[in-house]
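Given next are the chains, with one letter for each unit.
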Amino acid sequence: MKKGLSVETAKPIFTNIEKERAMKDVVLKKFAEVFGDGEGAKVFFAPGRVNMIGEHTDYNGGHVFPAALTIGTYGVARKRSDNKLRFYSMNFDKLGIIESSLTDLLPCKEAGWTNYPKGVMWAFAERGMKMDSGIDLLLNGNIPNGSGLSSSASVEVLTGFILRDFFGFDVTNQDLALIGQFSENNFNGVNCGIMDQFAIAMGKKDHAIFLDTADLSYTYAPIKLENAKIVITSSNKKRGLGDSKYNERRSECETALTELQKVIDIKALGELTEEQFEANKSAIKDEVRMRRAKHAVYENQRTIKAVEALQANDVALFGQLMNASHVSLRDDYEVTGIELDTLVEEAWKIEGVIGSRMTGAGFGGCTVSIVKDEAIDSFIEKVGEAYKKKIGYGADFYVVELGDGPRVL
């Protein structure tokens, strides 16, 4: 079996329900081992997400089209009788138990991955929802770390879901998304938009979410791929959002917006059509900022057209728009890099690939491709070989299904 295919294979041996049951047993057993016993523990799940199209539009008041996956983060938690917080991740098992307390909800480098659940606890408290006791929490994610499939947002939504369940906080799933984003912005210092947390909190099986990030209005659109599958390819290039150029891109767009607002009455780049942008772009005084803004405007319009194509059952057009999205992210937004470009350009060469593009923030992470069933084996083999030859290490491939949002198992 090729590396990476253990998550979701082209020919699943087990159903998702069977996989979920098996994972539940694994995490409960590990929880008892790590924390002494498993009494009173509950198991939860929050998915990862993939964005089909609409990249770097979510903080520019545009549309996005993400979907929750059947891979994600499993959590086992139980309430304590004191203020202690004890965290353990099976993905970072060498770190052992990381201890904290409800009186120490402050971000610090030494806390590592626990800054994500702690950030959510802090964000709840900021909204007047304080935990009255600590918890023990064990996590196990089957989202590849640093892949761009939103492992951090998955942990945030999962934590919020657990807090609601344990402490009876009056919040909706949409609130969980907003709290997760707030914590990532203000506790972890990453100026992410709302898309990741929203897609995870609001996921629906076999659907993607057509979300207008300007006002959070959304509709579910079924993803009907006859004789084709979604394949996610991990570049295995690790990246950290906070220290990437993500915040820099956001700032460039904000400056371009301020310049455009001198000549046209808009609140966000996502309000502009391509024609309006072209008529007013001379107000942007820097060529780089102009390209950044152009991507935000054109990508938003591509996303609207892509969902219309899907609703008209025109998967071929959807694929063409995915390809155009990658070109714009490469040339105008400059967030792809040699790894993602190699994966996408090699994918485009293969007959049976309907569309392929980078997904996520960029600078590493993953690509998403729609591949005809009969071409999947060839796609994995040829793209994998070409990538390893050029980059020097392998990529991992995941044939995925779209799943529901967070839940108790």
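Description of the structure in this document. (Residues numbered from 1 in each chain as written. Predicted model: local features only at pLDDT ≥ 70, side-chain atom pairs only at ≥ 80, totals over all residues. Heavy atoms only, no water.)

### A look at the overall build of the chain
Then step 1. Scanning the chain from N- to C-terminus turns up eleven helices and 13 strands.
Then step 2. Taking 409 residues into account, the globule formula puts the C-alpha radius of gyration at 22 Å, and the chain, at 21 Å, falls close to it.
Then step 3. On the principal axes, the C-alpha backbone points of the chain span a range of 65 × 50 × 40 Å.
Then step 4. Burial status across the chain gives 59% buried among its 409 residues.
Then step 5. At a minimum sequence separation of 6, the contacts of the chain that also span at least 24 residues come to 73%.
Then step 6. Put simply, the chain shows about 16800 Å² of open surface, and 49% of that area lies on carbon and sulfur atoms.
Then step 7. One finds the centroid of the 50 positive side-chain charges in the chain at a distance of 3 Å from the centroid of its 58 negative side-chain charges. (Helix = DSSP H or I, 4+ residues; strand = E, 2+ residues; numbered from the N terminus. Rg over C-alpha atoms; globule rule 2.2 N^0.38 Å. Buried < 20%, exposed > 50% of the residue type's maximum accessible area, 1.4 Å probe, protein only. Contact = heavy atoms within 4.5 Å. Areas by Shrake-Rupley, 256 points an atom, 1.4 Å probe, with all protein chains shown as cover. Lys, Arg positive; Asp, Glu negative; His and termini not counted. Charge placed at Lys NZ, Arg CZ, Asp CG, Glu CD.)

### Description of the packing of helix α2 (residues 115–126) against helix α3 (residues 151–167)
Then step 1. Between α2 and α3, the least distance of the axes is 9 Å, while the angle of their chain directions is 45°. The angle between α2 and α3 places the two elements in the oblique class. Handedness of the crossing formed by α2 with α3: right-handed. Contacts between α2 and α3 involve Tyr-116, Pro-117, Val-120, Met-121 and Phe-124 on the former and, on the latter, Ser-152, Val-155, Glu-156, Thr-159, Gly-160 and Leu-163.
Then step 2. The class makeup of the residues in the contact of α2 with α3 is seven nonpolar, three polar and one charged. (Axes fitted to C-alpha atoms, helices over the stretch in contact; angles between N-to-C directions. Parallel < 35°, antiparallel > 145°, perpendicular 65-115°, else oblique. Left-handed = near helix turned anticlockwise from the far one by under 90°. Nonpolar A, V, L, I, M, F, W, Y, C, P; charged D, E, K, R; others polar.)

### Details of the side chain of Thr-359
Then step 1. Relative to the assigned elements, Thr-359 resides in strand β10 (residues 353–359).
Then step 2. A polar contact is formed between the side chain of Thr-359 and the backbone oxygen of Asn-51, at a distance of 2.9 Å. (Polar contact = N/O pair within 3.5 Å; in protein donor to acceptor, adjacent residues only side chain to side chain.)

### Structural notes on the packing of aromatic side chains
Then step 1. Following the criterion strictly, the structure yields 16 aromatic pairs and no others.
Then step 2. With a centroid separation of 5.3 Å and 70° between ring planes, the pair formed by Phe-198 and Tyr-218 is classed as edge-to-face. Here Tyr-218 lies in strand β8 (residues 217–222) and Phe-198 lies in helix α5 (residues 195–201), a separation of 20 residues in the sequence.
Then step 3. Judged by its relative accessible area of 31%, Tyr-218 is partly exposed.
Then step 4. Counting every residue linked through ring pairs, the aromatic cluster contains Phe-44, Phe-124, Phe-161, Phe-166, Phe-167 and Phe-169.
Then step 5. One Lys or Arg, Lys-294, reaches over the ring of Tyr-298 and ends 5.2 Å from the middle of that ring. (Phe/Tyr/Trp six-rings, centres within 6.5 Å; stacked < 30°, edge-to-face > 60°. Lys NZ or Arg CZ within 6 Å of the ring centre and 35° of its normal.)

### What about unusual backbone geometry?
Then step 1. Phi is positive for Asn-236, which is not a glycine, with a value near 60°.
Then step 2. In this fold, Asn-236 is placed in the loop between β9 (228–234) and α6 (246–260).
Then step 3. On the basis of relative accessibility, which here comes to 22%, the residue Asn-236 falls in the partly exposed class.
Then step 4. At Asn-313, a residue that is not glycine, the phi angle is positive and equals roughly 65°.

### Side note on the sheet that holds strand β12 (residues 396–400)
Then step 1. In spatial order, the strands read β10-β11-β9-β12; together these four strands make up an open sheet with antiparallel pairing. Across the chains shown, the open sheet's two edge strands, defined by having one partner strand only, are β10 and β12. For this sheet, the mean inter-axis angle between neighbouring strands, taken without regard to orientation, is 20°.
Then step 2. Judged from the seven bridges that link them, β9 and strand β11 (residues 366–372) form a sheet pairing that is antiparallel. Residue pairing in the sheet places Val-231 in a bridge with Ser-369 of β11.
Then step 3. The sheet contacts of helix α11 (residues 376–391) involve β9, β10, β11 and β12, and relative to β12 the element is tilted by about 160°. (Pairing = 2+ DSSP bridges.)

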